[in-house]
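Summary of the model geometry
For reference, the chains in residue letters:
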Amino acid sequence: MTLIKSISGIRGTIGGRSGDNLTPIDAVKFAAAYGIWLKEYSKKDKLKVVVGRDARLSGEMIQNLVVSTLVGLGIDIVDLDLSTTPTVEIAVPMEKADGGIILTASHNPKQWNALKLLNEKGEFLDAAQGAKILDIAEKEDFDFCDVDDLGSITRNDAYIDIHIDEVLDLPLVDADTIRKAKFKVVVDGVNSTGGIAIPKLLEELGVEVVKLYCDPTGHFPHNPEPLKEHLGDICALVLEEKADFGIVVDPDVDRLAFIDNTGEMFGEEYTLVACADYVLGKTKGNTVSNLSSSRALRDITQKHGGTYEASAVGEVNVVTKMKANKAIIGGEGNGGIIYPESHYGRDSLVGTALFLMLMAENGGTVAELRASYPSYFMSKKKIQLTPGLDVDGILTAMAEKYKDEEITTIDGVKIDFAENWVHLRKSNTEPIIRIYTEAKSQSQADELADRIIGEIKAVAGL
């Protein structure tokens, strides 16, 4: 089960048989389906699509296939080549394009790649639009252009610099304030495009940068998901360099994690908490995160007099809820910052700048900042799916078991207890059930997760 079709895009492993993996045939098929859908959706004779990719090893191959397919449909391409997900998102409206495609499997290991699909606003497609594209791909009813009507390709490698300029122009980002703080920061770019973008941004802000794994070769030096167990090297280097903190991003630079000055994880969940604390301190407003995110954001929002709401997991769901709730900042607890003043997409460059402003204005250390926030601890575990496993039946049984607790079922099953919570859901990006818990201590969060996993296995007969 290594070809996954969802609202997060088309994601799969490279190699193997078509239909089971992300092979060249599958890349062409889904690119063509997106192009056909875009023609119907936009109702325009001539279309333009922005395409960019992270540095993973299969990126150039998949990019060539996708770009050539769209050209074959008569669509003009703005090719950003090596880029980041948020950079492509801001490029779409700046180019007055009709859509965009980012070629990245985000935090997945090197054998994975994906097509992430954007609309004319540079935002992810909704579930209905994604379903329409999957239907077109299934039918393979493609009508390509005559030779005189083929699309053109324009290459533009300036957009990371343009993106940095956009961040520096944000009203709540003051470069002089950050420069005066004279920060020293270690950056782990996991040998992808974050190794280009984040150091450039920091240098523009007068930060002394120590680079770790910032060569965009696509050879990930560790598992690219920015979790504590993968980040021993940067934790050690922050201490060795006596740095103020460390910055870690995933391969496509939409997830942001910090290492504090003691070499400990700041906590991915607290990336959004800290950025929201800064923004809400300057601008009154509301926040949104997803059901799998920490209660700490709710606490900080209420402290500043705002309203917090939770959405289903998935960036498009967070964005939809943010617009409805008039949220001035939001995102996901995996380190994804969405700041509408910039754009409606998770953006590690924006998050980095907001965090630097908070630190520059507050003074003190990153460890002291973390200690000032409500203290919650999360456990993030998973159960590998096997063919024939009735996931919906399992989730229904768990909801029934805990029907006397506060239950939310807009996305899997979330059970809110008085002092902790558990969220069970089938992943959009991997063949797993995710089990997220949060409690007042790490041991309590882990114990709750292990108990729930045991109950799930009993229900499923595993």
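In this report, we go over the structure that sits alongside the text. Since we're looking at a predicted model, the values are computed, not measured. (Residues numbered from 1 in each chain as written. Predicted model: local features only at pLDDT ≥ 70, side-chain atom pairs only at ≥ 80, totals over all residues. Heavy atoms only, no water.)

1. A look at the packing of helix α1 (residues 24–42) against helix α4 (residues 127–139)
- At a closest axis distance of 8 Å, the pairing of α1 and α4 adopts a crossing angle of 120 degrees. One element, α1, and the other, α4, form an angle in the oblique class. The two elements α1 and α4 meet at a crossing, and its hand is right-handed. Two secondary-structure elements touch here, α1 through K29, F30, A33, Y34, I36, W37, E40 and Y41 and α4 through Q129, K132, I133, L134, I136 and A137.
- The residue inventory of the contact of α1 with α4, partitioned by class, reads 10 nonpolar, one polar and three charged. (Axes fitted to C-alpha atoms, helices over the stretch in contact; angles between N-to-C directions. Helix = DSSP H or I, 4+ residues; strand = E, 2+ residues; numbered from the N terminus. Parallel < 35°, antiparallel > 145°, perpendicular 65-115°, else oblique. Left-handed = near helix turned anticlockwise from the far one by under 90°. Contact = heavy atoms within 4.5 Å. Nonpolar A, V, L, I, M, F, W, Y, C, P; charged D, E, K, R; others polar.)

2. Details of the pairing of strand β9 (residues 208–212)
- In this sheet, β9 lies alongside strand β8 (residues 184–188) in parallel orientation, the contact comprising five bridges. Pairing of V186 across the sheet is with V210, part of β9. (Pairing = 2+ DSSP bridges.)

3. Let's talk about a negative patch on the surface
- Among the surface-exposed residues, D141, D143, D146, D148 and D149 lie close enough to one another that they form a single negatively charged patch.
- Position of D149 among the secondary structure elements: in the loop between α4 and β7 (153–155). (Patch = residues over 30% accessible without salt bridge, like charges linked within 9 Å, V, L, I, M, F, W, Y side chains within 5 Å. Areas by Shrake-Rupley, 256 points an atom, 1.4 Å probe, with all protein chains shown as cover. Salt bridge = Lys/Arg side-chain N within 4 Å of Asp/Glu carboxyl O. Lys, Arg positive; Asp, Glu negative; His and termini not counted. Charge placed at Lys NZ, Arg CZ, Asp CG, Glu CD.)

4. Topic: helix α3 (residues 85–94)
- The element α3 is extensively covered by neighbouring structure, given that eight of its 10 residues are classed as buried.
- Along its buried surface, α3 packs onto β3 (48–53), β4 (76–82), β5 (99–103), β6 (112–118), α5 (159–168) and α11 (315–325).
- A positive backbone phi angle near 55 degrees is found at K96, which sits one or two residues after α3. (Buried < 20%, exposed > 50% of the residue type's maximum accessible area, 1.4 Å probe, protein only.)

5. Topic: the packing of α3 against α5
- Interhelical geometry of α3 versus α5 gives an angle of 85 degrees and a closest axis separation of 10 Å. The angle between the axes of α3 and α5 places the two elements in the roughly perpendicular class. Along the contact surface, α3 presents P86, T87, I90, A91 and M94, while α5 presents Y159, I160, I162, H163 and E166.
- Among the residues making up the contact of α3 with α5, the classes are represented as seven nonpolar, two polar and one charged.

6. Description of the side chain of R295
- Checked against the element boundaries, R295 lands in the loop between β12 (286–290) and α10 (296–303).
- Here D416 takes part through its side chain, which lies 2.9 Å from a polar atom of the side chain of R295.
- The residues touching R295, leaving out its near neighbours within four places in the chain, are Y376, D416, F417, A418, E419, N420, W421 and E438. (Polar contact = N/O pair within 3.5 Å; in protein donor to acceptor, adjacent residues only side chain to side chain.)

7. Some points on the environment of Y308
- If you trace the backbone, Y308 turns up in strand β13 (residues 308–311).
- Measuring from C-alpha to C-alpha, the distance between Y308 and T154 comes to 43 Å, with 154 residues separating the pair along the chain.
- Within the structure, Y308 has its side chain in polar contact with the side chain of S289 (distance 2.7 Å).

8. Some words on the state of the cysteines
- Evaluated as defined, the whole model comprises zero disulfides.
- Between C275, a cysteine without a disulfide, and C235, which holds the nearest cysteine sulfur, the sulfur-to-sulfur distance is 19 Å.
- Here C275 falls in the buried class, since its relative accessible area comes to 0%. (Disulfide = S-S within 2.5 Å.)

9. Description of the environment of I90
- Considering the arrangement of structural elements, one finds I90 in helix α3.
- When its relative accessible area of 7% is taken as the criterion, I90 is described as buried.
- Along the backbone, I90 and G122 are 32 residues apart, and their C-alpha atoms lie at a distance of 6.2 Å.
- Apart from the residues within four sequence positions on either side, I90 is in contact with H163, E166 and H343.

10. Observations regarding the sheet that holds β12
- The strand order across the open sheet formed by four strands is β13-β12-β14-β15, and the pairing between neighbours is mixed. With one partner strand each, in any of the chains shown, β13 and β15 (336–338) form the two edges of the open sheet. Looking at each pair of strands side by side, their axes are set apart by 20 degrees on average, direction ignored.
- Here strand β14 (residues 327–332) runs beside β15; their pairing, made up of three bridges, is antiparallel. Considered in β15, the bridge of G330 is made with I338.

11. Some details on the sheet that holds strand β18 (residues 413–416)
- One open sheet holds the five strands; their spatial order is β16-β20-β19-β18-β17, and the pairing between them is antiparallel. Each edge of the open sheet is held by one strand with a lone partner, namely β16 (377–384) and β17 (406–408). Strand-to-strand twist across the sheet, computed as the mean angle between neighbouring axes with direction ignored, equals 15 degrees.
- Bridge count between β17 and β18: three bridges; the pairing is antiparallel. Each bridged residue has a counterpart across the sheet, and for I407 the counterpart in β18 is I415.
- Packing of helix α15 (residues 442–460) onto the sheet brings it into contact with β16, β19 (421–426) and β20 (432–439), and relative to β16 it is tilted by some 25 degrees.

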